[in-house]
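Residue-level listing of the chains:
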Amino acid sequence: MESKKPMREEEADEETLLSLIDKRKKNVKRCNEKILYYTAQLKCETSELDKLKAQLEAVQSRKQLAKSVPNSLLKKRKLESSSTSTGSSSMESQSSPGRNETKSEPSKKPQLFIPAMLVPISKPKPAVANLHTATNYGTSHQLGMLKPKPAVASFHTATNHEISHQFGRVKDNEIDMVESVGTSTKVATLNFNSTNLISSQHKRKLRCLELCPTDDTVFATSGLDGAVNLWEVQEKLTSAKFMGSMDCLSPNKRRWPEDIAWHPDGRRMFAVHSADGDDSQVSSFSLRQLGHQKEAFFLEEKAHQKGIINRITFMPWKGQRPCFVTCGCDHAVVLWKEGENEGRWSQELLHRNQHSSSVMAAFGLQHKEAVLSVGADKRVVLFDLAAGRNEIKFQLNSKCLNALPSPCNSNLYLVQLGSPGQQLHLFDIREKPEELHVFGWEQETNESQSALINSSWSPDGWHISSGSNNPLIHIFDIRHSGKRPSQSLKAHSNRVFKAAWHSSLPLLISISSDLHIGMHNYK
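Keep in mind that what you see is a predicted model, and the values were worked out from it rather than measured.

J.: Provide a residue-level description of the overall build of the chain, including the pertinent values.
T.: Within the chain one finds four helices and 28 strands. Per-residue burial for the chain yields a buried fraction of 44% across its 523 residues. Considering only contacts within the chain whose residues lie at least 6 apart along the sequence, 53% involve residues at least 24 apart. With an accessible surface of roughly 28300 Å², the chain has 52% of that area assigned to carbon and sulfur atoms.

Written out as structure tokens, the structure is:
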């Protein structure tokens with residue numbers, strides 16, 4: 001017995017050492033990544049510094065040349081005046097020779113005058129003002145349909161990043177964003193100064209809210225009445241103009257859209273329905289059809305076998321034709337690729353046996369052709385398209401309702417669960433099952449959260465908004481170490497399904513079961 005006891009202790013020590021070594025390896029890997037990142041940043045900043053120094057030297061030389069121009073002109077005027085006076089004096093001396101006999105004659109040799117070279121001074125180009133920060137928003141950014149989205153500067157330019165909601169640059173936050181999760185004790189809150197509710201024009205409860213990716217004045221809502229309504233943000237940011245509606249009820253079962261998504265070109269919208277009863281599964285319409293056609297176009301292709309199709313998400317992959325992923329109650333994740341002819345889409349089944357229950361959401365990684373999916377079976381699966389197999393597969397302690405990638409960091413993503421008080425979980429794609437932080441809010445009942453409640457990332461990636469079963473919008477700062485909302489906004493009279501951030505304006509748009517759209521301005 002005595003010989004076995006030391007052996008067990010040695011085994012325990014070995015396991016401890018192995019775990020410590022594994023942890024140190026991860027730390028070393030992160031440090032190497034930081035070294036590479038900051039080395040590249042140092043080269044970039046050094047190059048920019050050299051450029052600025054060269055510009056400063058050019059400006060100083062121009063100033064020096066500009067100073068020499070008036071001096072040379074003054075010298076020329078003096079010479080001309082002296083020559084004029086000399087000429088006049090000589091004339092006087094000739095007319096009255098007795099007056100200037102004692103004065104010496106002026107030099108007969110003319111003075112040589114070299115005019116200074118006039119160098120045109122180039123004026124610096126004025127900085128282009130942000131269209132959204134102009135005094136007259138209505139004239140500077142007219143609210144038209146499908147205008148190309150300008151490369152606008154950040155509206156939020158406060159210097160205190162801990163307090164302000166700054167839409168920062170992606171490059172500066174690519175690595176530090178993960179390191180900053182849950183590390184601050186300060187609570188950064190937003191100052192909401194006005195809230196306005198407008199009628200949604202839907203006859204039944206709302207279901208979805210999506211902002212146009214190319215025109216930041218346009219957004220769409222859908223409801224259980226089968227209609228997809230388009231809206232245009234007005235100049236004071238307190239209201240939205242109703243642009244039109246499209247009937248998207250499926251032809252056979254008359255099913256409403258379960259989810260909607262914008263095509264990357266911003267000119268078309270897609271919606272998913274149900275696979276039961278041999279019904280049409282995906283509908284589409286163009287914004288040009290508004291006012292001319294009442295019903296949407298339904299794709300002939302069918303990929304799912306049965307049940308509701310929960311999500312449709314376009315992939316962020318570049319260098320290929322547009323494609324989207326659908327997932328549903330038949331446990332399947334399907335990739336749809338657009339053909340050469342508009343309206344024709346091919347399907348590819350990615351997997352149907354990786355989830356044992358309904359697949360609730362899926363999205364594509366930015367830096368790799370891989371799709372991450374979450375399901376009601378509590379599983380998180382990352383599927384590599386090139387390898388045709390899973391890279392990551394793990395299980396959480398509650399059913400997964402949604403998953404969203406960070407808009408500013410390719411490694412950070414959010415998984416929304418149904419457990420009260422722990423609804424939002426942040427993960428690093430490199431750390432696999434190890435969560436970075438957990439957020440949540442208390443509910444009036446202990447029931448699990450509805451799958452209709454959705455979350456949204458702010459454009460700068462530092463904040464997350466979520467609807468709730470209560471008439472509240474919860475806002476979280478991912479840098480805060482606490483697990484409760486940094487602030488909660490009472491905006492509706494009934495539960496809030498979603499609150500989405502405007503891409504360039506200080507505006508939060510929400511939808512609720514009270515059949516209203518909320519327009520919330522903040523500073």
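J.: Go over the pattern of salt bridges, please, and point to the residues and values.
T.: All told, the structure shown has 17 salt bridges when counted by the stated rule. For Asp265, the salt bridge identified is with Arg267, shortest N-O distance 3.6 Å. Here Arg484 makes a salt bridge to Glu442, at a shortest N to O gap of 2.8 Å. Placement of the pair is Arg484 in the loop between strand S24 (472-477) and strand S25 (487-490) and Glu442 in the loop between strand S21 (435-439) and strand S22 (455-457), with a sequence separation of 42 residues. Judged by relative accessible area, Arg484 falls into the partly exposed class, the value being 40%.

J.: Help me get a handle on the sheet that holds strand S23 (residues 463-466), residues and values and all.
T.: With antiparallel pairing, four strands are arranged side by side in an open sheet as S22-S23-S24-S25. The strands lining the two open edges of the sheet, one partner per strand, are S22 and S25. Geometrically, the sheet is characterised by an average inter-axis angle of 20 degrees between neighbouring strands, direction not taken into account. Pairing of S23 with S24, which is carried by four bridges, proceeds in the antiparallel orientation. Residue pairing in the sheet places Ser466 in a bridge with His474 of S24.

J.: Tell me about the nonpolar core, and name the residues and values.
T.: With 18 residues, the main nonpolar core has Leu372, Val374, Val380, Leu396, Tyr413 and Val415 as its most contacted residues. Setting aside its immediate chain neighbours within four residues, Val374 contacts His355, Val359, Met360, Ala361, Arg379, Val380, Cys400, Asn402, Ala403 and Val415. Of all hydrophobic cores here, the second largest spans 17 residues; its members include Val233, Ile453, Ala500 and Ile517.

J.: How would you explain the environment of Lys490 if you had to name every residue and give the values?
T.: Here Lys490 shows up in strand S25. When the C-alpha positions of Lys490 and Ile473 are compared, they lie 6.4 Å apart, and in sequence the two are 17 residues distant. Residues within four places of Lys490 in sequence aside, it is in contact with Pro471 and Leu472.

J.: Can you lay out the pairing of strand S26 (residues 496-501) for me, pointing to particular residues and giving the numbers?
T.: Among the six residues in S26, six count as buried, and that is most of the element. As consecutive antiparallel partners, S26 and strand S27 (residues 507-512) are separated by five residues.

J.: Any details on the packing of aromatic side chains? Residues and values, ideally.
T.: Under the definition given, this model contains 15 aromatic pairs. An angle of 20 degrees between the planes, with centres 5.6 Å apart, marks the rings of Tyr413 and Phe427 as stacked. With Tyr413 in strand S19 (residues 412-417) and Phe427 in strand S20 (residues 424-428), this pair connects stretches of sequence that are 14 residues apart. The same class applies to Tyr413 and to Phe427, which are both buried. Measuring from centroid to centroid gives 6.1 Å for Trp441 and Phe476, while their planes differ by 40 degrees, and the two rings are tilted.

J.: So what about the environment of Pro459? Which residues, and what values?
T.: Topologically, Pro459 is positioned in the loop between S22 and S23. Considered as a pair, Pro459 and Cys408 are 51 residues apart in the sequence and their alpha carbons are 7.6 Å apart.

J.: Account for the sheet that holds strand S8 (residues 282-286), naming residues and giving values.
T.: The sheet built from four strands is open, its strands ordered S6-S7-S8-S9 with antiparallel pairing. Looking at which strands have only one partner, the edges of the open sheet turn out to be strand S6 (259-262) and strand S9 (297-298). Judged from the two bridges that link them, S8 and S9 form a sheet pairing that is antiparallel. Its bridge partner lying in S9, Ser284 is registered against Phe297.

J.: So what's going on with the side chain of Ser398? Which residues, and what values?
T.: As for its placement among the helices and strands, Ser398 is situated in the loop between strand S17 (389-395) and strand S18 (400-405). Relative accessible area serves as the criterion here: at 11%, Ser398 is assigned to the buried category. A distance of 3.5 Å separates a polar atom in the side chain of Ser398 from the backbone nitrogen of Ser419. Apart from residues lying up to four places away in sequence, Ser398 is in contact with Lys378, Leu417, Gly418 and Ser419.

Rules used throughout
Residues numbered from 1 in each chain as written. Predicted model: local features only at pLDDT ≥ 70, side-chain atom pairs only at ≥ 80, totals over all residues. Heavy atoms only, no water. Helix = DSSP H or I, 4+ residues; strand = E, 2+ residues; numbered from the N terminus. Buried < 20%, exposed > 50% of the residue type's maximum accessible area, 1.4 Å probe, protein only. Contact = heavy atoms within 4.5 Å. Areas by Shrake-Rupley, 256 points an atom, 1.4 Å probe, with all protein chains shown as cover. Salt bridge = Lys/Arg side-chain N within 4 Å of Asp/Glu carboxyl O. Pairing = 2+ DSSP bridges. Axes fitted to C-alpha atoms, helices over the stretch in contact; angles between N-to-C directions. Core = buried A, V, L, I, M, F, W, Y, C linked by side-chain atoms within 4.5 Å. Phe/Tyr/Trp six-rings, centres within 6.5 Å; stacked < 30°, edge-to-face > 60°. Polar contact = N/O pair within 3.5 Å; in protein donor to acceptor, adjacent residues only side chain to side chain.

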